[in-house]
Amino acid sequence: MRIRFTKMHGAGNDFVVLDETRGRLGLREDQYRFLADRHFGVGADQILTVRPSTGPGVDFEYVIHNADGGEVEQCGNGARCFFQYVREHGLTDKAALRVHTAAGVIAPSMGTDGRVTVDMGPPVFEAAQVPFDAAGLSPQGASAVGPWKLALGTEADSPTVELAVLSMGNPHAVQRVDDVDTAPVAEQGPLVEHHPRFPNRVNAGFLQVLSRRNVKLRVHERGAGETLACGTGACAAVVGGIAQGWLDSPVDVQTRGGVLTIAWEGVGQSVRMTGPAQTVFEGEIEIPA
């Protein structure tokens, strides 16, 4: 089967975008993995699929598959690219949209500076909804996000970390580090991702606070590994930092792929993420049967 695709990125977090507004392609997990493969396929952190509206009050449906082929609930950088895609391809001329995802409805819009802002909805802190198994644990602080102290193994010398735990439509666990450049992302990221306390796995964030409105961030994404940027990860890191009293909204988040601006006014309020969305190229590819 030969299909058309568009390659895009948001702050270096890269995507293959597929149009299913005229009909489903019916791809399997192994075919999504093929598309994401950087040697044999197109190469991407995630595959984004554009589908028609699911009902009144919603403009489109947005489906995300990670590089490992598994479907996930949300992707913030992908949401901006989704918005840019449907406008560039003439699927809408609206300056603001309502888009259905597996995590609920999001609302991307175009800013005057050419960057895209996405209303990501309010963060979720209830452990069972993240989901996070907090049985037998006591939070290390009084904030909505904990933090929670977890051992990353069963050996006596296993590292122990303090994690701010929350959901931005997908689960996140964020630890504060002194320097993201030397943080043990490659070693600890997979251990946090697959920790048994997170039944659906988790995205592992490593946050360095530069000032109350400026941070650096690296994220090991579940099913993708470390990416150059993670939109929901940036949202989760800022929410966790504000909840623990380290940051003030809005916050510029420096990722390895670019800067995202995150605004959050407190519990019950939506998180707003602003950043770039860029088309790289378009093409066709033969998908193995």
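Treat the numbers as computed from the prediction; the structure is a model and nothing was measured.

Peer 1: Where do I start with the overall build of the protein chain in this structure?
Peer 2: Across its full length, the protein chain carries four helices and 18 strands. Over its C-alpha trace the protein chain gives a radius of gyration of 18 Å, about what one expects of a compact globule, namely 19 Å for 289 residues. With the C-alpha coordinates of the protein chain rotated into their principal frame, the extents come out at 50 × 40 × 35 Å. In the protein chain, which comprises 289 residues, the proportion classed as buried is 53%. Within the protein chain, residue pairs in contact and separated by at least 24 positions form 60% of the contacts whose partners lie at least 6 positions apart. Counting every atom, the protein chain has about 12000 Å² of accessible surface; 48% of that belongs to carbon and sulfur. One way to put it: in the protein chain the 25 positive side-chain charges average out to a point 3 Å from where the 34 negative ones average out.

Peer 1: What is the right way to look at unusual backbone geometry in this model?
Peer 2: A negative phi holds for most residues other than glycine; trans holds for most peptide bonds. Note the cis peptide between glycine 146 and proline 147, where omega equals 0°. Mapped onto the fold, proline 147 is located in the loop between strand E8 (116–119) and strand E9 (148–151). Positioned with a positive phi, alanine 11 is a non-glycine residue whose angle comes to about 60°. If you trace the backbone, alanine 11 turns up in the loop between strand E1 (2–10) and strand E2 (13–19). Alanine 11 gets classed as buried once you look at its relative accessible area, which sits at 2%. Look at arginine 201: it is not a glycine, yet its phi comes out positive at around 65°.

Peer 1: For this particular structure, what's the right way to read the pattern of salt bridges?
Peer 2: It is possible for side chains of opposite charge to pair when their charged atoms get near one another. Counting across every chain of the model gives 22 salt bridges. Note that glutamate 282 is salt-bridged to arginine 4, the shortest N-O span being 3.7 Å. Note that glutamate 282 is positioned in strand E18 (residues 278–286) and arginine 4 in strand E1, a separation of 278 residues in sequence. Taking the relative accessible area as the measure of exposure, glutamate 282 reaches 41% and is therefore partly exposed.

Peer 1: I'm lost on the environment of cysteine 230 in this one. Help?
Peer 2: The topology assignment puts cysteine 230 in the loop between strand E14 (225–227) and helix H4 (231–243). Taking the C-alpha atoms as reference points, cysteine 230 and proline 199, separated by 31 residues in sequence, lie 21 Å from one another. If we skip the residues at most four places from it in the chain, cysteine 230 touches Asn13, Asn77, His172, Val219, Glu221 and Leu260.

The rules behind each value
- Residues numbered from 1 in each chain as written.
- Predicted model: local features only at pLDDT ≥ 70, side-chain atom pairs only at ≥ 80, totals over all residues.
- Heavy atoms only, no water.
- Helix = DSSP H or I, 4+ residues; strand = E, 2+ residues; numbered from the N terminus.
- Rg over C-alpha atoms; globule rule 2.2 N^0.38 Å.
- Buried < 20%, exposed > 50% of the residue type's maximum accessible area, 1.4 Å probe, protein only.
- Contact = heavy atoms within 4.5 Å.
- Areas by Shrake-Rupley, 256 points an atom, 1.4 Å probe, with all protein chains shown as cover.
- Lys, Arg positive; Asp, Glu negative; His and termini not counted.
- Charge placed at Lys NZ, Arg CZ, Asp CG, Glu CD.
- Salt bridge = Lys/Arg side-chain N within 4 Å of Asp/Glu carboxyl O.

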